[in-house]
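Descriptive analysis of the structure
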Amino acid sequence: MALIERTAYPRFVRNVSTSELTRLYTPTLHEIDLAKRTTRGGDGLQLAFLLMLKSFQRLGYFPNPEDVPEAIVTHLRSQLGLADDTPATSPPRSRQRHRDSIREYLGVEPFADDARRLAATAVAEAARTVDDPADLVNVAIEELVKGRYELPAFSTLDRLSRHVKHAVNARLFARLDGLITPTNKRSLDALLETGSRGRSTLNALKAAPKSATKKNLSEMQERLVWLEVMGDTGRLLKRVSNQKIANLAAQARALDASELKDVGVERRRAMLVCLIDRTKVSVRDALCEMLTKIVSKVHNKGKEELENIHREKRTTTEGMIGLLEKILAGAASQDDDTALGGWVREIIEGGGGPEVLLETCTSLSAHKGGNYLPLLWNFYRGQRATLFRVARSLVFESTTEDSSLTDALSFVLENDRLGRRGEFIPGELDLSFANDRWKDLVLAELNGSPALARRYLEVCVFSYVAEELRTGDICVAGSEKYADYREQLLSWEECEPLVEQHCRELGLSSTPEGFANQLKALLSRTAEDVDRSYPENASVVITEAGEPVLKKASGKKLTQALKMLEAQVAERMPERNLTDVLCSIEQLTRWSRHLGPLSGSEPKLENPRERYLLTAFCYGTNMGPTQTARHTRGLVTAHELGYTNRRHVTTGKLETANTDVTNAYASLPLPRVWGTGETAAADGMKIDLYENSLISEYHIRYGGYGGIAYHHVSDTYVALFTHFFACGVWEAVYILDGLLKNASEIQPRAVASDTQGQSQPVFGLAYTLGIQLMPRIRNWKDLIFYRPDKDATYDHIEPLFSDTVDWKLIETHWRDLMRVVISIRTGTILPSTLLRKLGNYSRKNRLYRAFREVGRAVRTEFLLRFLSNQELRTRITATTNKAESYNGFSDWLFFGGEGVISDTDPEEQEKRMKFKELVTNSLIVQNAADLTDVLRSLAAEGYTLRREEVSQLSPYLTAHVKRFGDYIIDLDSVSAPPNGEMPELLD
């Protein structure tokens, strides 16, 4: 049975506000007249009729009279001018007639056979994709409302959705079981059998990928071969939606072998088939990830070796320079060429002779210009056999019309299959994908005919396979992260009808020429304004080399008034236990209603809310199940905490819970003093991981192995969304995702970031999505300003510009730009998927060139505003400072396990970050509510509160919070924080 709290089934709120009473429950004159004409009796019947009418308008069904909040009854009495004791119920003989009149007035049909069939059909269609009964109930509600039908009792909808879901799933499971061969059925059943060590093969199926080493890569490749032997899951699941496959796979992953044995045979096999299918996808992703990392390590070792060679040969180089100095000194002092020749000959012989010196010169020049490529074979050959096995296990395809690299890979694999291990391979090969340095190494001659240096060719091909996997110029069939992104884009025929509305919403022109001209006009106008105001701009100086130099702005001083206010706040903030804070915010938001079994059934947990709160504390503070259980006085065991996390929690459920907490924060008045909510900042922080994890990488800046928690933090201080990824990932990839995935009421349209956000393609994509990108700017010498037109010149800022925007290129690829943007808007693809492909230069990728060109114009326009507008720079700095402060605040709460995530599963690591965000935001809400109470008490005592000082306070307060001790959940002893009114602030 689904919980009613998890559905959209309309219910009365517990506390009806005055504004809601006025807006939703005030009868119109026409409705009052209808009540008078319909009822046959006194004022009580009219009141009862209007109560039924207004309740039905709000809920879509007739509630029991005793369920109507007294505040609504009182409000209607006052609107009708009735006495406080006027009854609000009608006799049963009149009630049905009143209901019929209301249905007729509102144009609504009662719930009967037609409505039941409509709801069942909609649920059956939805059940092919989703499993959660709450989602299916919502589908039925939406369809009934759309069809103008009265909603039945919630229990009716719940029974209907469960019955239809069971029927749909039973047909699906039976069909799949009929397609599975007897041999594969035996293989599936064998997964649940335990071996001599008491572990089933299912555990190996669920094992998380490990770090990118030769051994782990080989084991992962063997795992893919084993999975392929299990059967063609793609054929079996061809007619099953991806979401359904993911749901069933997640359910199978959450159960152990003994639990799966208790599931019906047909359903169990379907779940295992889905699990195997999704595991194949994740293994292919992991193989690609490992391949790129191992090739990267080969290149890094080559570079290190070159540095060693340079250091070792420094003495030789200095000796050769000494010989040259002697020759030059002789040339300067000797006038006789014959004597000079003898002098030079003597010096050469003294240095070892011409042959030795020539060999030395050849050795020194072999790696001139930092060319480390000739050194790679020694580091590649140890990985060679494994890389070949991986390449044969995966199907590489080009995502462009240029297939030269995939053809070269096929050539290399075929050559190895035929056992050709000679130094040279006769013949020619299209190496247009490679640069000149590689071509110089690979291209050779054999007996006067063209040939290829086999060793260098192999290293070259695998190097470019790794690079083009990152840029998206090649993809892997059956992968997810490395899939062909073009398949996720809508066709132009699907996009074209939506372009006009998108452009109208963002104020963009909906034609290629208009789009380019509009952007050109914006850049021209900004450049002219900045040039005109430059003489009055005392904070920036442009050097003769065209480099802008910004003078450091003075920060706000900590005034005596602010110090006094902070001291008063610190003294008056109530002491809080962290578990009590979680209870309080759960009481306010009921976020725990989003957690539950992955199958969607009613949780069979004793005191589920308490269990969910302890689980959130356990993983959100990184205490872990064992340590948390030790400090709960026997309230819960480590197994129960692990079970709850594994069986009842997903990242999606946690994101929904976080949205509830964020919305509660948005309803508070104090955060509006701190910010408008229109801007957010994106910033990352390193989270320590064990080295033997695929996502774990060494972070040069912070030191140690870990991943990056990338937060989007509102200018009101609350976190809106969190990603978790490897340290080596370009952070700007996720800079737009956080805004688009954020489902809270706080919806910023501008995002500030650190220097990583200043990439041209990111600027281009953000502009076409209507998002204002505002990175902090450093390294001005590396940035190019693009003038709007080659003939445009400026009196003061002319030295800044060094190139011109190619407007024709933007017009040519405008359709490609719009296709991407509409696909993102409709949710078929994420910005991060595109930005992974646009993060590196690719001469093959026309999308890269298109977004880069738009980004050149948009970034130049932003840079000009950044230079000329001190207020903009201050705003960016203030917002990014809040994000950096959030990192420290959330890290303080992540105190367990010395801050190291011990789990190596990337999905579990992501969940830890979601739990952490939930705990952190809960404390932010509690602190904001407590701060409001403190400010109100200060105002009542006559303390002068100024907006300037209050705006510099922060909810990131920790001195009053107790993290340690016994962790007890007692929902009866805590209450939700009040949404108190703010005292008046002086400007």
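This report concerns the structure included in the present document.

Some points on the overall build of the protein chain
Within the protein chain one finds 41 helices and 18 strands. Principal-axis analysis of the C-alpha atoms gives the protein chain an extent of 135 × 80 × 65 Å. Counting over 987 residues, the protein chain shows a buried share of 52%. Excluding contacts between residues fewer than 6 apart, the proportion of contacts in the protein chain whose partners are at least 24 apart in sequence is 76%. The protein chain carries 127 positive and 134 negative side-chain charges, and their two centres are separated by 5 Å.

A short note on the pattern of salt bridges
Tallied over the full model, the rule gives 44 salt bridges. For Lys 914, the salt bridge identified is with Glu 655, shortest N-O distance 3.1 Å. A residue pair is termed long-range when its members are at least 10 positions apart, and Lys 914 in helix H40 (residues 906-940) and Glu 655 in helix H31 (residues 651-666) qualify at 259 residues. A single salt-bridge network, built from bridges that share partners, covers Arg 384, Arg 392, Asp 416, Arg 421, Arg 454 and Glu 458.

A word on helix H21 (residues 404-417)
An ideal rise of 1.5 Å per residue puts 20 Å on 14 residues; H21 measures up with 20 Å between its terminal C-alpha atoms. Within H21, the full set of buried residues consists of Ser 404, Leu 405, Thr 406, Ala 408, Leu 409, Val 412, Leu 413, Asn 415 and Asp 416. Looking at the packing, one finds that the buried side of H21 touches helix H20 (384-393), strand E1 (396-398), strand E2 (424-426), helix H23 (454-471) and strand E5 (474-476).

Observations concerning the environment of Ile 824
Secondary-structure assignment places Ile 824 in helix H36 (residues 814-825). On the basis of relative accessibility, which here comes to 6%, the residue Ile 824 falls in the buried class. With 354 residues separating them in the primary sequence, Ile 824 and Arg 470 have C-alpha atoms 20 Å apart. Excluding residues within four positions of it along the chain, Ile 824 makes contact with Leu 740, Leu 765, Leu 769, Ile 829, Leu 830 and Pro 831.

Topic: the pairing of strand E4 (residues 449-453)
Here three bridges tie E2 to E4, and the two strands are oriented antiparallel to one another. Residue pairing for E4: Phe 424 is matched across the bridge by Ala 453. Pairing between strand E3 (residues 443-446) and E4: four bridges, direction antiparallel. Note that in E4 the partner of Leu 446 across the bridge is Ser 449.

A short note on the sheet that holds E3
Reading across from one edge, E2-E4-E3 is the order of the three strands in this open sheet, with antiparallel pairing throughout. Of all the strands in the sheet, the pair left with one neighbour each is E2 and E3. For this sheet, the mean angle separating the axes of adjacent strands, direction not counted, is 45°. The strands touched by H23 are E2 and E4; relative to E4, the strand with the most contacts, the crossing angle is about 55°.

Observations concerning the packing of helix H28 (residues 608-620) against H40
One can describe the packing of H28 onto H40 by two numbers: an axis separation of 8 Å at closest approach and a directional angle of 110°. Classed by the angle they form, the pair H28 and H40 counts as roughly perpendicular. Residues Thr 615, Ala 616, Tyr 619 and Gly 620 of H28 lie in contact with H40, whose contacting residues are Arg 912, Phe 915, Lys 916, Leu 918 and Val 919. Counted by class, the contact of H28 with H40 contains five nonpolar, two polar and two charged residues.

As for the side chain of Gln 760
Relative to the assigned elements, Gln 760 resides in helix H34 (residues 760-768). Of the residues examined, Gln 760 reaches a relative accessible area of 13% and is grouped as buried. Residues within four places of Gln 760 in sequence aside, it is in contact with Tyr 786, Phe 851, Arg 852, Gly 855, Arg 856 and Arg 859.

Description of unusual backbone geometry
For Arg 148, which is not a glycine, the phi torsion comes out positive at approximately 60°. Within the element layout of this structure, Arg 148 appears in the loop between helix H7 (133-146) and helix H8 (154-179). At Arg 633, a residue that is not glycine, the phi angle is positive and equals roughly 55°. The class of Arg 633 is exposed, set by a relative accessible area of 66%.

Describing the nonpolar core
Within soluble globular proteins, side chains that are nonpolar tend to cluster in buried spots. In terms of nonpolar packing, the biggest core is built from 144 residues, with Phe 515, Tyr 665, Ile 797, Phe 862, Leu 864 and Leu 935 touching the most fellow members. The biggest single contributor to this core is helix H38 (residues 846-868), with twelve residues. When residues no more than four places from it in sequence are discounted, the contact partners of Tyr 665 are Pro 671, Trp 674, Thr 716, Tyr 717, Val 718, Ile 924, Val 925, Ala 928 and Pro 955. Formed by 83 residues, the second largest nonpolar core is a distinct cluster that contains Leu 202, Met 220, Leu 306 and Phe 462.

A short note on the packing of helix H2 (residues 29-38) against helix H5 (residues 92-106)
Two quantities define a packed helix pair, namely the angle between the helix axes and the distance between the axes. The interhelical angle for the contact between H2 and H5, taken along N-to-C directions, is 145°, at an axis separation of 11 Å. Considering the relative orientation of H2 and H5, their crossing is right-handed. When H2 is examined against H5, the residues His 30, Glu 31, Leu 34 and Thr 38 are found in contact with a partner set consisting of Arg 97, His 98, Ser 101 and Tyr 105. Residues that form the contact of H2 with H5 fall into these classes: two nonpolar, four polar and two charged.

Re the packing of aromatic side chains
For the coordinates displayed, the defined rule picks out 22 aromatic pairs. Seen from their ring centres, Phe 56 and Phe 62 are 4.6 Å apart, and the 40° between their planes marks the pair as tilted. Phe 56 sits in the buried class, given a relative accessible area of 4%. Measuring from ring centre to ring centre gives 5.4 Å for Trp 377 and Tyr 380, while their planes differ by 50°; the resulting arrangement is tilted. A residue pair is termed a helical-turn pair when its members lie 3 or 4 positions apart in one helix, as Trp 377 and Tyr 380 do in helix H19 (residues 377-380) at three residues.

As for H7
Compared with the 20 Å implied by 1.5 Å per residue over 14 residues, the 20 Å span of H7 between its first and last C-alpha is a close match. Taken residue by residue, H7 has Pro 133, Ala 134, Leu 136, Val 137, Ala 140, Ile 141 and Leu 144 as its buried positions. For H7, the angular spread of the buried residues around the axis is 160°, confining them to a single face. The outward face of H7, more than 90 degrees from its buried face, is lined by the exposed residues Glu 142 and Lys 146. The elements touched by buried residues of H7 are helix H6 (113-127) and H8. The distance from a side-chain oxygen at the start of H7 to the backbone nitrogen of Ala 134 is 3.0 Å, and the residue carrying that oxygen is Asp 132.

A look at the environment of Thr 628
On the secondary structure map, Thr 628 appears in helix H29 (residues 624-630). Separated by 468 residues in the primary sequence, Thr 628 and Leu 160 place their C-alpha atoms 41 Å from one another. The residues contacting Thr 628, other than those within four sequence positions of it, are Leu 614, Phe 617, Cys 618, Met 623 and Leu 641.

Some details on the side chain of Asp 531
Following the sequence through the fold, Asp 531 ends up in helix H25 (residues 512-533). Of the side chains with opposite charge, Arg 532 comes closest to the buried, unpaired Asp 531, at an N-O distance of 7.3 Å. Once you skip the residues sitting within four places of it in the chain, Asp 531 turns out to touch Tyr 794, Asp 795, His 796 and Ile 797.

Analysis parameters
Residues numbered from 1 in each chain as written. Predicted model: local features only at pLDDT ≥ 70, side-chain atom pairs only at ≥ 80, totals over all residues. Heavy atoms only, no water. Helix = DSSP H or I, 4+ residues; strand = E, 2+ residues; numbered from the N terminus. Buried < 20%, exposed > 50% of the residue type's maximum accessible area, 1.4 Å probe, protein only. Contact = heavy atoms within 4.5 Å. Lys, Arg positive; Asp, Glu negative; His and termini not counted. Charge placed at Lys NZ, Arg CZ, Asp CG, Glu CD. Salt bridge = Lys/Arg side-chain N within 4 Å of Asp/Glu carboxyl O. Expected span 1.5 Å × (residues − 1). Pairing = 2+ DSSP bridges. Axes fitted to C-alpha atoms, helices over the stretch in contact; angles between N-to-C directions. Parallel < 35°, antiparallel > 145°, perpendicular 65-115°, else oblique. Nonpolar A, V, L, I, M, F, W, Y, C, P; charged D, E, K, R; others polar. Core = buried A, V, L, I, M, F, W, Y, C linked by side-chain atoms within 4.5 Å. Left-handed = near helix turned anticlockwise from the far one by under 90°. Phe/Tyr/Trp six-rings, centres within 6.5 Å; stacked < 30°, edge-to-face > 60°. Arc of directions from axis to C-beta. Polar contact = N/O pair within 3.5 Å; in protein donor to acceptor, adjacent residues only side chain to side chain.

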